[in-house]
Amino acid sequence: MKRRIILLILILISLGILYLVNKSITIKGKQIPPLSSFFSPFTGFWQNAPPTKIDPSFTVKDLQLISPAQVSFDERMVPHIFAENLHDLFYIQGYFTAKDRLWQMDISTRASSGRLAEILGPDLIERDLKQRRNGLYWAAEKTVEYWKQDKSSFALIQAYVDGANKYIENLAPEDYPIEFKLLNYKPEPWSALKAAQFYKSMEETLNGKAFDIENQNIITALGLETYNYLFPEWNPNQSPVIPDTYDSISTQIRDTAKLKIPDDFNKNLGLNKRGQLNDETNADFLGSNNWAVAPQKTKSGSPILCNDPHLRLSLPSIWYEVQLVAPELNAYGVSFPGIPGIIIGFNQNSAWGSTNGSHDVRDWFSIKWTNKEKTTYRFNGEDIPVNLRIETIKVKGGEDIIDTVKYTNLGPVSTYEIQGEEVDLAMHWIANDTSGAFVWKTIWQFDKSKTLEDFDKAASFFGHPIQNFVFASTKGDIGLKVSGLIPIKSENNGNWIMDGTTDQEDWSGFVPDSLNPKSFNPTRGFVSSANQHSTYPNYPFYYSGHFNDYRGRYINRLLDSMNHITVEDMKSMQNNNYSILAEEALPTLLKHLDKTELNTTEAGLVSLLDSWNFEFNADNPVPAIFEAWMNTTMDLIWDEIATIERKGSARKPEIWRTLDLIENDPLNVFFDIRETPERETPQTIVTMAFRRAVSELSDKLDDTEFNWAEYKGTSINHLALIPAFSRQEIFTGGYRESINAVQKTAGPSWRMIVELSEQPKGIGIYPGGQSGNPGSPFYDNFIDDWAQGNYYDLHFYNAPPKEDPNIIQTINFK
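First, a word on scope: everything that follows refers to the structure included in this document.

Reading guide: rules and limits
Residues numbered from 1 in each chain as written. Predicted model: local features only at pLDDT ≥ 70, side-chain atom pairs only at ≥ 80, totals over all residues. Heavy atoms only, no water. Helix = DSSP H or I, 4+ residues; strand = E, 2+ residues; numbered from the N terminus. Buried < 20%, exposed > 50% of the residue type's maximum accessible area, 1.4 Å probe, protein only. Contact = heavy atoms within 4.5 Å. Phe/Tyr/Trp six-rings, centres within 6.5 Å; stacked < 30°, edge-to-face > 60°. Salt bridge = Lys/Arg side-chain N within 4 Å of Asp/Glu carboxyl O. Core = buried A, V, L, I, M, F, W, Y, C linked by side-chain atoms within 4.5 Å. Patch = residues over 30% accessible without salt bridge, like charges linked within 9 Å, V, L, I, M, F, W, Y side chains within 5 Å. Areas by Shrake-Rupley, 256 points an atom, 1.4 Å probe, with all protein chains shown as cover. Lys, Arg positive; Asp, Glu negative; His and termini not counted. Charge placed at Lys NZ, Arg CZ, Asp CG, Glu CD. Expected span 1.5 Å × (residues − 1). Pairing = 2+ DSSP bridges. Axes fitted to C-alpha atoms, helices over the stretch in contact; angles between N-to-C directions. Polar contact = N/O pair within 3.5 Å; in protein donor to acceptor, adjacent residues only side chain to side chain. Parallel < 35°, antiparallel > 145°, perpendicular 65-115°, else oblique. Nonpolar A, V, L, I, M, F, W, Y, C, P; charged D, E, K, R; others polar.

### Topic: the overall build of the protein chain
Across its full length, the protein chain holds 23 helices and 29 strands. By the burial criterion, 60% of the 814 residues in the protein chain qualify as buried. Of the contacts formed within the protein chain by residues at least 6 apart in sequence, a portion of 72% connects residues at least 24 apart.

### Examining the packing of aromatic side chains
Scanning the model with the defined rule gives 45 aromatic pairs in all. Centre to centre, the rings of W352 and F446 are 6.4 Å apart; their planes meet at 40°, and the pair counts as tilted. With a gap of 94 residues between them, W352 in strand β11 (residues 350–356) and F446 in helix α12 (residues 439–448) connect regions that are remote in the sequence. Each member of the pair, W352 as well as F446, carries the same accessibility label: buried.

### Section: the pattern of salt bridges
Evaluation of the coordinates by the stated rule reveals 34 salt bridges. Across the salt bridge formed by D383 and R378, the nearest N and O atoms sit 2.7 Å from each other. For D383, a relative accessible area of 43% translates into the label partly exposed. Linking D400 and K394 is a salt bridge whose minimum nitrogen-to-oxygen distance equals 3.5 Å. With a relative accessible area of 39%, D400 lands in the partly exposed category. One network of salt bridges, with partners in common, ties together D106, R110, R115, E118, E188 and K194.

### Some thoughts on the nonpolar core
Grouped together as the largest cluster of nonpolar side chains are 142 residues, with contacts concentrated most on L89, W147, W319, F336, W440 and F813. If we ignore the near neighbours within four places in the chain, the residues touching W440 are W147, I157, Y199, F336, I339 and I343. A221, Y227, W496 and L697 belong to the second largest nonpolar core, which has 76 residues in total.

### Points about a negative patch on the surface
On the surface, a cluster of negative charge is made up of D699, D702, D703, E705, E710 and E729. Inspection of the secondary structure puts D702 in the loop between α21 (682–701) and α22 (708–712).

### Overview of helix α18 (residues 622–637)
The α-helix winds at 3.6 residues per turn, so residues separated by three or four positions along the chain end up facing the same way. With 16 residues, α18 extends 23 Å from end C-alpha to end C-alpha; this agrees with the ideal 22 Å at 1.5 Å per step. Buried residues dominate α18, accounting for 14 of its 16 residues.

### Remarks on the sheet that holds strand β10 (residues 344–347)
On the basis of which strands lie adjacent, the open sheet formed by ten strands has the order β22-β20-β19-β11-β10-β9-β8-β4-β3-β29 and mixed pairing. On the outer flanks of this sheet lie β22 (518–520) and β29 (807–813), each paired with one strand and no other. Each strand axis lies, on average, 15° off the axis of its neighbour in the sheet, ignoring direction. Looking at chain direction, strand β19 (residues 467–473) and strand β20 (residues 478–483) are connected through six bridges and run antiparallel.

### A few points about the side chain of H359
The topology assignment puts H359 in the loop between β11 and β12 (362–366). Taking relative accessible area as the criterion, H359 reaches 4% and is therefore assigned buried. At 3.1 Å, the side chain of H359 and the backbone oxygen of G357 are in polar contact. Side-chain polar atoms of H359 contact the side chain of S534, separated by 3.1 Å. Beyond its immediate stretch of four places on either side in the chain, H359 contacts I466, V482, I486, S534, Y543, S544, G545 and F547.

### A look at the packing of α12 against helix α13 (residues 452–460)
Following both chains from N to C, one finds α12 and α13 inclined at 170°, their axes separated by 8 Å at the closest point. The angle between the axes of α12 and α13 places the two elements in the roughly antiparallel class. Contact with α12, carried on its side by T442, Q445 and F446, involves F455, A458 and A459 of α13 and no other residues of that element. Within the contact of α12 with α13, the residues separate by chemical class into four nonpolar, two polar and no charged.

### Comments concerning the packing of α18 against helix α20 (residues 655–664)
Contact pair α18 / α20: the axes reach a minimum separation of 12 Å and the direction vectors enclose 70°. Here α18 lies roughly perpendicular to α20, going by the angle between them. Together, M630, M634 and I637 of α18 and I655, T658, L659 and I662 of α20 make up the contact between the two elements. Tallied by class, the residues present in the contact of α18 with α20 amount to six nonpolar, one polar and no charged.

### Looking at the pairing of strand β23 (residues 526–529)
Of the two faces of β23, both are covered, the one formed by F526 and S528 as well as the one formed by V527 and S529. Two elements, strand β5 (residues 288–293) and β23, share four bridges in a ladder whose sense is antiparallel. From the neighbouring strand, V293 faces β23, where its bridge partner is F526.

### Here we look at the pairing of β5
Within β5, six of the six residues are buried, which leaves the element mostly enclosed by the surrounding structure. The pairing of β5 with strand β6 (residues 304–312) spans six bridges and is antiparallel. Bridge pairing in β6 links N290 to N307.

### As for the environment of R691
Considering the arrangement of structural elements, one finds R691 in helix α21. As for R691 and E597, which are separated by 94 residues in sequence, their C-alpha atoms are 9.0 Å apart. Apart from the residues lying within four places of it in its own chain, the contact partners of R691 are E597, L598, N599 and E602.

### Examining unusual backbone geometry
Residue P316 follows L315 across a cis peptide bond; omega there is -5°. Looking at the secondary structure, you find P316 in the loop between β7 (314–315) and β8 (320–326). With an omega of 5°, the peptide bond between H464 and P465 qualifies as cis. Locating P465 in the fold gives a position in the loop between α13 and β19. One non-glycine residue, N184, lies in the positive phi region at around 60°. Within the secondary structure layout, N184 lies in the loop between α8 (178–183) and α9 (192–207).

Structure follows, in structure tokens:
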């Protein structure tokens, strides 16, 4: 009897173990996959350690090609695709991109369209709801219908989709990327809708930033006059993208005599924290640099084009390197995983690149409902019914969430709180517009471009996000064009929450392409952009945005002074760690520092700052002292903004404006720390900030190995934030306001330099690797070279290579 009981217990334990290893379980709110499948020697993670070469046997299964084709892989596993027509070219591009980046393609589109809770569980519900309420899924659906109107172009997208799906169709469960196994789900077919969702994810990154709600908080708390004084739109020192098209005008300085902080300031606050928008794009400034120099300024007599887009750094990288060759085009560069074509690159005749325009194209409007059900609203004197869209959020391990999103003539509606009252706001966002949404036509035309006229025409197709496209050709031409749909607004419209009962404060159309700012073959011998203002303020159309004040000025300073420029000069320039922000800020801080208040250690650190060359080099600790001092100074001066932020989102005045106030308005009411009984001055605040910053750094400063790289802590994280799949604490210099804008989690995502000689020569690098598989030797093999400022030769072929030492494998498709 006893033996039978023991046997029964063992059987029950065995059944329990079998149940557990075949079932997803939750630990601390996180689901893990069934252990049996994850650890299976036949289908589990063991299968995700690939060979260094591709097995040709799995690449030739039933490819639906019209003609023979060839793919040659170089030593960095960059595919060079040779096809006899564009259908086959993009089909093969889709196939091999899916092979290397399938999970990245999947997770990127889920993030954009609000489908993360489906695989990651309840913690992602709120984020998914936000994406649906922002209209991104709806906008992607509309975009696909817009694409379909151009049948020949849509056929090329479909060819790419079919190629990706052929790879997915041939993929056995044991070959699923490891992230699918970790999260216990399987790949879905790719589609034109997913391609549109990826496009929307880039729009969210590049034109999702707006300050309407932050500004409204400040206006509610401090008043419009004070807001206008603290946040002038134009920096008098700015060096705009297009400097020679419009006359410069002076900036008027406001009378500050009547400025004061309201007596009931601590109670008079604005939006609740629910109003804080798009925090994922605000952690690090996302920007870019590009420039092109004319033949008269180069040593070789050929133009040189440079581009380094600054985006969030991730593994896998946002870019996938490829060469595409067909009778219609021969282009080399980087592509977005999920989209056909070369986004930034060069061909036999030209090179092109891009930076973000940074214009404000996301505006918020208050809604006046006309019934209790909130299904009709007042607009232009009429009661208009909303359009209702039912959104279903699927939740892993839980019940579906059903949400109803209301759409007005201005856009989708979301609810926020203003001083304890719920307010419904409609969002007019360019990302939800299909006008000019076929941006790939622009990119494909760039891929084929030969002349400046080709470039101008191709850029005219572009809709959004607004970009600064740069161009150079073997004919010696250079050019830059601010491309995309620039909304036509009245002055200040879009800077705070506007009246949504009429269309009077909404956009009245878009600037015609013929009037978009551009500069072709300027007499100064170069064009450049770095996310600064597009023009001087007398440009005939009003615009606002989040423009950079420093990098563009330094780029223009350097290029203006340079002659006999070489590719080596351009490499040094892209990796330049000097900052005009530090050049202008540090003397102001030192001037107002009361050195009599300092102890011996603090005085020694001041000596280091005095002799600093304003370069944010990796091995130098001084940049960390400056950055901590500058940040602490901003926090102490703008403690009123911190008070506003306790109940809602807000923003500090820009650094250039703060420095201007320190120098020119030292009696300003804001130079008073509210938590102290005394009335401070710039000198007392700057001194207090220095001592506080040094105190906070004291433990680190005692370490002789401490440096800027350690303080900055640049990391390139896996898209699922899996530490084992990430690269942490990368030793590299750079600063958000230097040309080499390496930050903690963002920075140069692709550095490219092309000399447009008779046969263009390109070099480039991005911080990642071609493979999305963490077990692959090609997963992160570029990062160390990228961190050190090195480049790779970009092997450009006019015909399929034969016996080339740079080619490690070739696959022929019959």
